[in-house]
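Chain by chain, the residues:
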Amino acid sequence: MPENQTEIYYESLTYYIHNKKNFENNVQNYEKNYYTLKFGLFNKNEKLKKFKGKKYKIYKIGDFKKAQKYSGIINENNLENKLKNLIDQHIPYSFGIWVKFKLKQPYFSRDDEEFYLIQNPILKEKVFKVPMIRRGRWKGVIANAGREIIKENIGKKEFWDYVFSYLRIFGTGNEEFRELINLMKKENKDELKKSLVKYLIFNLNVVIEFDKIEQDWKNIIEEHFDLNFKNIFNDKKNEKKYYEVKKGRAIFYPTYFDRLSLEVINPHSRKTRAGINPIHYEVVPKGSEGILQIVYVPFDGILKKNDELRKEVKKDLEFLCNCIEKVADLGVGAKTKLGWGTFKIKEKIYCLNGNIKIENGELEGWRGCQ
């Protein structure tokens with residue numbers, strides 16, 4: 001090694017020994033600044049140690065109110081007027097749903113954050129760093145509840161109403177439905193029925209007999225599809241109008257929470273019957289409250305007759321409310337098999353834009369505003 005290079009290393013080592021304390025302080029400051037910038041807090045190790053005592057099991061993080069404000073979520077102050085003003089901005093026969101709920105068990109959905117003190121950080125909003133339920137998550141769990149309701153009503157008169165409410169609310173953009181549309185254009189009635197059965201099985205998890213499709217075929221065509229759809233097997237191609245692939249009418253909003261806690265799952269060995277590798281989860285604790293907000297806009301029904309559109313919207317409102325109530329028992333997020341993510345509905349409101357009458361008992365427990 002060259003002599004001058006050795007001298008450089010020696011000087012660097014000497015400088016480090018004499019300035020070790022200053023060097024360590026600078027590193028700690030850099031670390032503190034990094035935590036502050038990335039997570040909005042510092043001294044995280046000390047904060048996590050406090051969870052050993054019962055007094056420090058819950059802490060708050062991020063700017064909860066700003067996250068709600070910039071996402072367009074309505075708060076409880078003057079709620080009905082604000083919800084009505086929101087719905088009045090949309091086309092006629094739109095409606096809004098506002099639900100306040102309280103968690104019965106912790107909620108957890110894993111974040112993609114790789115650098116974190118525990119293995120399983122909870123999903124947080126990127127700017128305000130508050131725990132959240134994404135709008136896509138709400139759409140998924142409510143759609144799953146809708147499929148469960150459809151399965152429970154196989155063979156009943158409400159079955160096809162629920163199927164087509166599901167399609168209108170959540171959309172029809174998958175490959176099986178595209179295949180169904182292509183078969184409609186080919187005018188092959190038997191293949192069309194088989195494709196409809198395939199769609200029900202693979203997308204709605206509903207098993208229905210082919211004979212049942214044959215029995216209800218006329219009603220399905222005339223009641224649920226466009227008026228010209230019943231001429232699908234005629235030779236007048238210019239008169240055909242198909243039930244097209246399109247997005248759903250429902251717009252889902254995210255939900256934010258204002259507190260966090262830690263849960264530990266400690267898997268036990270079958271031999272020793274003791275746990276040695278506890279798994280930590282950052283969760284929203286039970287008892288936390290959140291808001292679910294949905295806006296329904298029948299953008300694809302502008303050219304339909306008012307009476308027909310009213311019937312569709314009323315059926316969709318009833319179906320969507322039933323789905324939300326079912327989600328409360330099924331849970332949202334991860335670990336739902338352990339009961340996590342279940343909640344109790346404290347307040348539920350719907351607001352309609354249009355002349356749609358909801359009779360007493362049709363939406364039991366829901367408060368309406370028009």
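What you see is a predicted model, and the numbers here were worked out from it, not measured in a lab.

1. Section: the overall build of the protein chain
Move 1: Scanning the protein chain from terminus to terminus reveals 11 helices and 10 strands.
Move 2: The buried share of the protein chain, reckoned over its 370 residues, is 42%.
Move 3: Restricting the contact set of the protein chain to residue pairs at least 6 apart, pairs at least 24 apart contribute 71%.
Move 4: When the accessible area of the protein chain is evaluated, it comes to approximately 21,900 Å², of which 47% is carbon and sulfur surface.

2. Quick notes on the confidence of the model for the protein chain
Move 1: In the predicted model, the protein chain carries a mean pLDDT of 75, and the fraction of residues at 70 or more is 63%.
Move 2: Throughout residues 37-42 the model reports pLDDT below 50, and contacts reaching past four residues in sequence, or to other chains, amount to 17 contacts.

3. What to know about the sheet that holds strand S10 (residues 367-369)
As a general point, the strands of a sheet are linked pairwise by backbone hydrogen bonds and lie either parallel or antiparallel.
Move 1: Taking strand neighbours across the sheet as the criterion, the five strands line up as S4-S8-S2-S9-S10 in an open arrangement whose pairing is mixed. Each edge of the open sheet carries a strand with a single partner, namely strand S4 (250-252) and S10. Shown here is a sheet whose adjacent strand axes are inclined to one another by a mean of 20 degrees, direction ignored.
Move 2: With eight bridges connecting them, strand S2 (residues 94-103) and strand S8 (residues 289-296) associate as antiparallel partners. Counterpart to phenylalanine 101 in the pairing with S8 is glycine 290.

4. Side note on the side chain of asparagine 120
Move 1: Considering the arrangement of structural elements, one finds asparagine 120 in the loop between S2 and strand S3 (132-133).
Move 2: A distance of 3.3 Å separates polar atoms of two side chains, one belonging to asparagine 120 and the other to arginine 110.

5. Overview of the pairing of S8
Move 1: With seven of its eight residues buried, S8 lies for the most part within the structure.
Move 2: Note that S4 and S8 share three bridges and pair antiparallel. Counted as the bridge partner of phenylalanine 252 is isoleucine 294 from S8.

6. Let's talk about the sheet that holds strand S1 (residues 58-59)
Move 1: Read across the open sheet, the three strands follow the order S1-S6-S7; overall the sheet is antiparallel. Across the chains shown, the open sheet's two edge strands, defined by having one partner strand only, are S1 and strand S7 (279-283).
Move 2: Pairing analysis gives five bridges linking strand S6 (residues 260-265) to S7, with the strands arranged antiparallel. Within S7, the residue paired with serine 261 across the bridge is valine 283.

7. Things to note about unusual backbone geometry
Move 1: Backbone geometry places asparagine 78, a non-glycine residue, at a positive phi of 55 degrees.
Move 2: If you check the backbone angles, tyrosine 93 has positive phi at about 70 degrees while not being a glycine.
Move 3: Locating tyrosine 93 in the fold gives a position in the loop between helix H5 (79-88) and S2.
Move 4: Taking the relative accessible area as the measure of exposure, tyrosine 93 reaches 8% and is therefore buried.

8. Some words on the packing of helix H6 (residues 135-152) against helix H7 (residues 159-170)
Move 1: Packing of H6 against H7 brings their axes to within 9 Å, and their N-to-C directions diverge by 165 degrees. Relative to H7, the element H6 lies roughly antiparallel. Two packed elements cross with a definite hand, and for H6 against H7 that hand is left-handed. In this structure, H6 contributes Lys139, Ile142, Ala143, Gly146, Arg147, Ile149 and Ile150 to the contact, and H7 contributes Phe159, Tyr162, Val163, Tyr166 and Phe170.
Move 2: A per-class count over the contact of H6 with H7 returns nine nonpolar, one polar and two charged.

9. Focus on the nonpolar core
Buried together is how nonpolar side chains tend to be arranged in soluble globular proteins.
Move 1: One finds Ile97, Trp138 and Ile142 to be the most contacted residues of the largest nonpolar core, which totals 56 residues.
Move 2: Looking at this core, the elements with two or more residues in it are S2, H6, H7, S4, S7, S8, helix H11 (306-330) and strand S9 (343-353).
Move 3: Looking at this core element by element, the count peaks at 10 residues for H11.
Move 4: Structurally, this core is a two-domain feature, drawing no fewer than three residues from each of domain 2 (61-136 + 249-368) and domain 3 (145-234).
Move 5: In this structure, Ile74, Leu86, Met132 and Tyr253 belong to the second largest nonpolar core, which totals 20 residues.

10. What to know about the packing of H6 against H11
Two quantities define a packed helix pair, namely the angle between the axes and the distance from one axis to the other.
Move 1: Where H6 contacts H11, the two axes come as close as 8 Å, and the packing angle between them is 105 degrees. Viewed along their axes, H6 and H11 adopt a mutual orientation that is roughly perpendicular. Seen from H6, the contacting residues are Trp138, Val141, Ile142, Asn144, Ala145, Gly146, Glu148, Ile149, Ile150 and Glu152; seen from H11, they are Phe319, Leu320, Asn322, Cys323, Ile324, Lys326, Val327 and Leu330.
Move 2: Considering only residue class, the contact of H6 with H11 consists of 12 nonpolar, three polar and three charged.

What counts, and at which threshold
- Residues numbered from 1 in each chain as written.
- Predicted model: local features only at pLDDT ≥ 70, side-chain atom pairs only at ≥ 80, totals over all residues.
- Heavy atoms only, no water.
- Helix = DSSP H or I, 4+ residues; strand = E, 2+ residues; numbered from the N terminus.
- Buried < 20%, exposed > 50% of the residue type's maximum accessible area, 1.4 Å probe, protein only.
- Contact = heavy atoms within 4.5 Å.
- Areas by Shrake-Rupley, 256 points an atom, 1.4 Å probe, with all protein chains shown as cover.
- pLDDT = per-residue confidence, 0-100.
- Pairing = 2+ DSSP bridges.
- Axes fitted to C-alpha atoms, helices over the stretch in contact; angles between N-to-C directions.
- Polar contact = N/O pair within 3.5 Å; in protein donor to acceptor, adjacent residues only side chain to side chain.
- Parallel < 35°, antiparallel > 145°, perpendicular 65-115°, else oblique.
- Left-handed = near helix turned anticlockwise from the far one by under 90°.
- Nonpolar A, V, L, I, M, F, W, Y, C, P; charged D, E, K, R; others polar.
- Core = buried A, V, L, I, M, F, W, Y, C linked by side-chain atoms within 4.5 Å.
- Domains from an automatic or database assignment.

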